[in-house]
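Summary of structural features
The primary structure of each chain is shown beneath.
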Amino acid sequence: MFCEKAMELIRELHRAPEGQLPAFNEDGLRQVLEEMKALYEQNQSDVNEAKSGGRSDLIPTIKFRHCSLLRNRRCTVAYLYDRLLRIRALRWEYGSILPNALRFHMSAEEMEWFNNYKRSLATYMRSLGGDEGLDITQDVKPPKSLYIEVCISF
Amino acid sequence: MSEAYFRVESGALGPEENFLSLDDILMSHEKLPVRTETALPRLGAFFLERSAGAETDNAVPQGSKLELPLWLAKGLFDNKRRILSVELPKIYQEGWRTVFSADANVVDLHKMGPHFYGFGSQLLHFDSPENADISQSLLQTFIGRFRRIMDSSQNAYNEDTSALVGRLDEMERGLFQTGQKGLNDFQCWEKGQASQITASNLVQNYKKRKFTDMED
């Protein structure tokens, strides 16, 4: 059956607990795209045969492959999108500088996306609160009391 | 991480799945029994037991009984049933529906295909004459089980919940988790921990993993 590799990608993400970011599965993605290419080429050839060779009985087969192509596309897009949601969460929970371990889990394009997101967020934050701007990633929850107690060790 | 990560929710209980939802993709991977209404040439490699052999262009013959994933069955189905016709899986048929109406709580919905409600709702797309009964059964089953899920999720604090959760389907488990989170947040507030500054879960989890990386 087609789309098995695509399902592996989805399962890998689903297994990661609490929205953690697993390593970017470059190899898996490449295999999915190769399968899509093969499906597309087989369909192209069968469509020609159906039109010129009068093989209209190939139409269900063409539809079968087309469904598989759509499924592979869905899995790929969902995989990439969910990873971006996790990367976005990193900016809010971890901060602006990510540890190396995390950076190695991201593809070059994802890193670029993270940098662009950081920049958009920073620009926005600077535009708030008058001259100095306002860091909205701090103090996300309203305070429960008027004062806080802080322990300092010397 | 859980606080800032907003995954795409499942839409399976509604009219359509959500395209980007990982839960819906996993749900639609589950299989259902179908019957081919026409031959499928050149696909014999996938269904070797059914394949009609090289002379027929390696086709899956008309009238074959196969198990296909939901996404594929949905894609190939049309109301004239030109390519395939769909059978209801056993748990959505009359026999099991009677069991559910007798006592919905005893059934292990995780074993019966972990996405019982989602898959059952999407099954309605295949225009079975039993659709009205199936939807009623899904609704009544949930109503029958809901009370126990709500009670147990609100009263199991700091204990092993595997026995409570073992027979729930995925949607019910999500509900249980939500209940548990509410309970834990409330307990946290009662203890006055809500106003303490703590490291986020994500940061703690990554710090733990870092030590094992160094040991390797």
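Everything numeric in this text was worked out from a predicted model, so none of it was measured. Every chain is numbered on its own, with residues counted from 1 as its sequence reads. By the order in which they are written, chains take letters starting at A while ligands take numbers starting at 1. The predicted nature of this model means local features are confined to residues of pLDDT at least 70 and side-chain atom pairs, given and counted, to a pLDDT of 80 or more, with totals for whole chains, interfaces and linings taken over all residues. The side-chain figures draw on all heavy atoms in the structure; neither hydrogens nor water molecules are used.

1. Some points on the pattern of salt bridges
The term salt bridge refers to a pairing of a side-chain nitrogen on Lys or Arg with a carboxyl oxygen on Asp or Glu at a separation within 4 Å. Evaluation of the coordinates by the stated rule reveals 25 salt bridges over all chains. Among the ionic pairs, Lys74 of chain B bridges to Glu16 of chain B, the shortest N-O distance being 3.9 Å. Placement of the pair is Lys74 of chain B in helix 2 (residues 70-76) and Glu16 of chain B in the segment before helix 1 (22-27), with a sequence separation of 58 residues. Asp151 of chain B is the partner of Arg147 of chain B in a salt bridge, and the nearest nitrogen-oxygen pair spans 3.2 Å. With a gap of four residues between them, Arg147 of chain B and Asp151 of chain B both fall in helix 5 (residues 131-155), about one helical turn apart. Each of Asp46, Glu49, Arg55, Asp57 and Arg65 of chain A together with Arg42 and Asp57 of chain B takes part in a single network of salt bridges with overlapping partners. Numbered from the N terminus, helices here are DSSP runs of H or I no shorter than four residues, and strands are runs of E no shorter than two.

2. Topic: the UniProt feature "domain: GINS subunit" (unreviewed entry) in chain B
UniProt positions are given in the numbering used here, feature names are shortened, and annotations may be inferred rather than shown by experiment. Summarizing the sequence annotation, UniProt attributes the feature "domain: GINS subunit" (unreviewed entry) to residues 96-189 of chain B in the numbering used throughout. End C-alpha to end C-alpha, residues 96-189 of chain B measures 44 Å, and it is 68% helix and 0% strand.

3. Some details on the sheet that holds strand 3 (residues 84-86) of chain B
Residue and element names in this part refer to chain B. DSSP bridges decide pairing: two strands pair if at least two such bridges lie between them. The antiparallel open sheet is built from three strands, whose spatial order is 2-1-3. In this open sheet, the two strands that pair with only one neighbour each are strand 2 (65-69) and strand 3. Mean inter-strand twist for the sheet, computed between neighbouring axes without regard to direction, equals 45 degrees. As paired strands, strand 1 (residues 31-36) and strand 2 are joined by five bridges and run antiparallel to one another. Within strand 2, the residue paired with Arg35 across the bridge is Lys65. To define axes, lines are fitted to C-alpha atoms, for helices over the stretch in contact only, and angles between the resulting N-to-C directions are given on a 0 to 180 degree scale.

4. Regarding the packing of aromatic side chains
Pairing of aromatic side chains here covers Phe, Tyr and the six-membered ring of Trp, requires ring centres within 6.5 Å, and sorts the geometry by plane angle: under 30 degrees stacked, over 60 edge-to-face, intermediate tilted. Applying the stated rule across the entire model yields 15 aromatic pairs over all chains. Considering the side-chain rings of Phe2 of chain A and Phe64 of chain A, the 6.2 Å spacing of their centres and the 70 degrees angle between planes classify their relative orientation as edge-to-face. Linking Phe2 of chain A in the segment before helix 1 (4-15) with Phe64 of chain A in helix 3 (residues 59-93), this pair joins segments that are 62 residues apart in sequence. Judged by its relative accessible area of 13%, Phe2 of chain A falls in the buried class. The class of Phe64 of chain A is buried, set by a relative accessible area of 1%. Relative to Phe119 of chain B, the ring of Tyr92 of chain B lies with its centre 6.2 Å away and its plane at 25 degrees, an arrangement referred to as stacked. Of this pair, Tyr92 of chain B sits in the loop between strand 3 and helix 3 (94-102) while Phe119 of chain B sits in helix 4 (residues 116-123); the two residues are 27 residues apart in sequence, bridging distant segments of the chain. Only protein chains enter the calculation, and the probe is 1.4 Å; a residue is then buried if its accessible area is under 20% of its type maximum, exposed if over 50%, and partly exposed in between. Classification of Phe119 of chain B by relative accessible area gives buried; the value is 2%. One aromatic cluster in this structure is built from Tyr92, Trp96, Phe100, Phe116, Tyr117, Phe119, Phe142 and Phe146 of chain B.

5. Quick word on the packing of helix 2 (residues 26-52) of chain A against helix 3 of chain A
All names here are of chain A. At their nearest, the axes of helix 2 and helix 3 sit 10 Å apart, and the two run at 155 degrees to each other. On the basis of the axis angle, helix 2 is roughly antiparallel to helix 3. Of the two elements, helix 2 crosses helix 3, and the hand of that crossing is left-handed. Counting all contacts with helix 2, which are made through Leu29, Val32, Glu35, Met36, Leu39, Tyr40, Gln42, Asn43, Asp46 and Val47, the residues of helix 3 involved are Thr61, Ile62, Arg65, His66, Ser68, Leu69, Asn72, Arg73, Thr76, Tyr79 and Leu80. Broken down by class, the residue content of the contact of helix 2 with helix 3 amounts to 10 nonpolar, seven polar and four charged. Any angle that falls under 35 degrees is termed roughly parallel, while one over 145 is termed roughly antiparallel, one within 65 to 115 roughly perpendicular, and all others oblique. Crossings are assigned a handedness: left-handed for a near helix turned anticlockwise from the far helix by less than a right angle, right-handed for a clockwise turn. Every residue pair with non-hydrogen atoms within 4.5 Å of one another is taken to be in contact. In the scheme used here, Gly and all other residues not listed as nonpolar or charged are polar, with Ala, Val, Leu, Ile, Met, Phe, Trp, Tyr, Cys and Pro taken as nonpolar and Asp, Glu, Lys and Arg as charged.

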